[in-house]
Structure formats: C-alpha cells, structure tokens
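Summary of the model geometry
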Amino acid sequence: MSDNVIKFRKPTPPKQPRPGLRKLLIGLAVIVFFVIVWAYFAFVSPAP
C-alpha cells in the first residue's frame with residue numbers, strides 16, 4: 001500500500017578494529033620465534 005514511502009534509517013556504524021587482538025598475535029609470533037631459535041640451538045647446533 002505504501003511502497004513509495006521513503007523510510008529514513010540511521011546507517012549501521014562500521015565495525016571497529018580490535019587492536020588488542022593484533023597485539024596478542026604479534027606477541028605470540030615473537031614468543032614462538034624465540035622458542036624455535038632456542039630449540040634449534042639446544043638440539044640441532046653442535047656443542048663446542
């Protein structure tokens with residue numbers, strides 16, 4: 001019946017990025033890197 005009526009609605013705000021998640025992933029990557037380096041020198045590298 002009222003198909004030609006314009007309904008004004010607020011636009012939905014865009015989702016905000018989560019900076020805590022990015023910092024957590026970077027921290028985990030650094031920790032994993034150091035664990036891999038430690039394991040290499042502990043098990044693969046020949047002892048002097």
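Scroll up to find the structure.
Here we summarise the structure given alongside this text.

About the cut-offs
Residues numbered from 1 in each chain as written. Predicted model: local features only at pLDDT ≥ 70, side-chain atom pairs only at ≥ 80, totals over all residues. Heavy atoms only, no water. Helix = DSSP H or I, 4+ residues; strand = E, 2+ residues; numbered from the N terminus. Buried < 20%, exposed > 50% of the residue type's maximum accessible area, 1.4 Å probe, protein only. Patch = residues over 30% accessible without salt bridge, like charges linked within 9 Å, V, L, I, M, F, W, Y side chains within 5 Å. Areas by Shrake-Rupley, 256 points an atom, 1.4 Å probe, with all protein chains shown as cover. Salt bridge = Lys/Arg side-chain N within 4 Å of Asp/Glu carboxyl O. Phe/Tyr/Trp six-rings, centres within 6.5 Å; stacked < 30°, edge-to-face > 60°.

1. With respect to the overall build of the protein chain
Looking only at helices and strands, the protein chain features one helix and zero strands. Principal-axis analysis of the C-alpha atoms places the extent of the protein chain at approximately 90 × 20 × 10 Å. Put simply, the protein chain has 48 residues, and 0% of those count as buried.

2. Quick word on a nonpolar patch on the surface
Together, Trp 38, Tyr 40, Phe 41, Phe 43 and Val 44 make up an exposed nonpolar region whose accessible area comes to about 660 Å². With respect to the element layout, Trp 38 can be found in helix H1 (residues 19–44).

3. Topic: the packing of aromatic side chains
Taken as a whole and assessed by the stated rule, the structure comprises three aromatic pairs. Judged by centre distance (5.6 Å) and plane angle (65°), the rings of Phe 33 and Phe 34 are edge-to-face. A relative accessible area of 53% means that Phe 34 is categorised as exposed. When the centroid spacing of 5.9 Å and the interplanar angle of 80° are considered together, the rings of Trp 38 and Phe 43 count as edge-to-face.

4. Remarks on the environment of Lys 10
Along the chain, Lys 10 turns up in the segment before H1. Of the residues examined, Lys 10 reaches a relative accessible area of 79% and is grouped as exposed. The sequence separation of Lys 10 and Ile 36 amounts to 26 residues, and the corresponding C-alpha distance is 51 Å.

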